[in-house]
Amino acid sequence: MDAVRVAHLREVLAGTEWVQSARRFAGSLRTSVTPHRGGLLLVGTETYEPWHLAAHLDDEAAWSGQPELSPTLVRHRVPPAAPAHLSAGLGRIEAAGRRETVLVVSPGEPGAELLERVHGARRAGATVLALDEGGSAGALADLRGIAHDALSADAAEVDLEMVQHLVSAAAGETFQGRRGPGGPPGAPATAGSRRPFRDRLSRIAEQLSAPPPTRW
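The rules behind each value
Residues numbered from 1 in each chain as written. Predicted model: local features only at pLDDT ≥ 70, side-chain atom pairs only at ≥ 80, totals over all residues. Heavy atoms only, no water. Helix = DSSP H or I, 4+ residues; strand = E, 2+ residues; numbered from the N terminus. Areas by Shrake-Rupley, 256 points an atom, 1.4 Å probe, with all protein chains shown as cover. Salt bridge = Lys/Arg side-chain N within 4 Å of Asp/Glu carboxyl O. Buried < 20%, exposed > 50% of the residue type's maximum accessible area, 1.4 Å probe, protein only. Core = buried A, V, L, I, M, F, W, Y, C linked by side-chain atoms within 4.5 Å. Contact = heavy atoms within 4.5 Å. Polar contact = N/O pair within 3.5 Å; in protein donor to acceptor, adjacent residues only side chain to side chain. Pairing = 2+ DSSP bridges. Axes fitted to C-alpha atoms, helices over the stretch in contact; angles between N-to-C directions. Parallel < 35°, antiparallel > 145°, perpendicular 65-115°, else oblique. Left-handed = near helix turned anticlockwise from the far one by under 90°. Nonpolar A, V, L, I, M, F, W, Y, C, P; charged D, E, K, R; others polar.

(A) Broad picture of the overall build of the chain. Of regular secondary structure, the chain possesses eight helices and six strands. The order of helices and strands in the chain, counted from the N terminus, is α-α-β-α-β-β-α-β-α-β-α-β-α-α. Of the roughly 10000 Å² of accessible surface on the chain, 52% is carried by carbon and sulfur atoms.

(B) Fine view of the pattern of salt bridges. According to the stated counting rule, one finds nine salt bridges in the structure shown. Arginine 10 is the salt-bridge partner of glutamate 173, the closest N and O atoms lying 3.0 Å from each other. With a gap of 163 residues between them, glutamate 173 in the loop between α7 (160-171) and α8 (197-207) and arginine 10 in helix α1 (residues 3-12) connect regions that are remote in the sequence. When sorted by exposure, glutamate 173 lands in the same class as arginine 10, which is buried. Between arginine 144 and aspartate 132 there is a salt bridge, with its nearest N and O atoms 2.9 Å apart.

(C) Region of the structure containing the nonpolar core. Leu29, Leu103, Leu131 and Val163 are the most contacted members of the largest nonpolar core, which totals 33 residues. Mapped by element, the contributors of at least two residues to this core are α2 (18-32), β1 (40-43), α3 (51-64), β4 (101-106), β5 (127-132) and α7. With seven residues, the top contributor of residues to this core is α7. Every residue in contact with leucine 103, bar those within four places of it in the chain, is listed here: Phe25, Leu40, Leu41, Leu42, Val43, Leu53, Leu57, Leu129, Ala130 and Leu131. If you look at the next biggest cluster of nonpolar residues, it comprises 20 residues, including Ala88, Val102, Leu115 and Leu143.

(D) Up close: unusual backbone geometry. Look at arginine 99: it is not a glycine, yet its phi comes out positive at around 80°. By the secondary structure assignment, arginine 99 is in the loop between α4 (91-94) and β4.

(E) Geometry of the environment of arginine 92. Inspection of the secondary structure puts arginine 92 in helix α4. Judged by its relative accessible area of 29%, arginine 92 falls in the partly exposed class. A C-alpha to C-alpha distance of 8.3 Å links arginine 92 and leucine 41, two positions 51 residues apart in sequence. Setting aside anything within four residues of it in sequence, one finds arginine 92 in contact with Leu41, Val74 and Glu100. Within polar-contact distance, the side chain of arginine 92 engages the side chain of glutamate 100 at 2.3 Å.

(F) Molecular detail of the sheet that holds strand β6 (residues 149-152). An order of β3-β2-β1-β4-β5-β6 is seen for the six strands of this open sheet, with the pairing classed as parallel. Of all strands in the sheet, those bounded by a partner on one side alone are β3 (88-89) and β6. Sheet analysis places β5 next to β6, joined by four bridges and oriented parallel. In the sheet register, alanine 130 faces β6, and the bridge partner there is alanine 150. This element, α7, spans β4, β5 and β6 of the sheet and lies at about 135° to β5.

(G) Representation of the packing of α3 against α7. With their axes 9 Å apart at the nearest point, α3 and α7 run at an angle of 15° to one another. On the basis of their axis angle, the class for α3 and α7 is roughly parallel. Considering how the two elements wind past one another, α3 and α7 form a crossing that is right-handed. In this structure, α3 uses His52, Leu53, His56, Leu57 and Glu60 to contact α7, whose residues at the interface are Glu161, Gln164, His165, Ser168, Ala169 and Ala171. Residue composition of the contact of α3 with α7, by class: four nonpolar, five polar and two charged.

Listed below in structure tokens is the structure:
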């Protein structure tokens, strides 16, 4: 991920809750995947695989010296020719237990099968975290109820892709409140950058939506 672009996104969002909310959630993620615990399982819905988040967490794991942040991408359907690191099916969540973390990314209905497996993983002792698109749909509310920590996007301000970029960047930080290329978190935007809020977010969203690296 381009750290300068993420810093720009943080600058645009200065004065809102999003930077600190992402850091709080990233703190939960880091705590749940310490070296003394198990691995990180990342799963989306039947129609959405969180490739970008997987790639960015993998990058952050390497750059920050926290290999435990590198996820296993769990897939609803695994093609026969999939490479080994992309061959984990939903059974992997069913087998999750103590010391493991399940991070669910849900831009819509997570589906009854996924909820059942994630709920089972929590009962077996896994830590469950959730990122979703917001709203009050019953299944999303159920997912938040299962999760130990959850963060929801808000269509009026940021979408789920932006939230994932904020969280993955914050996950690689070695301590809360670290200054990045854009200056201190939460600092006001400079006078020269006061374009309409949604216009600036749209431009950043386009910049951050490049295809993930070949590994994913």
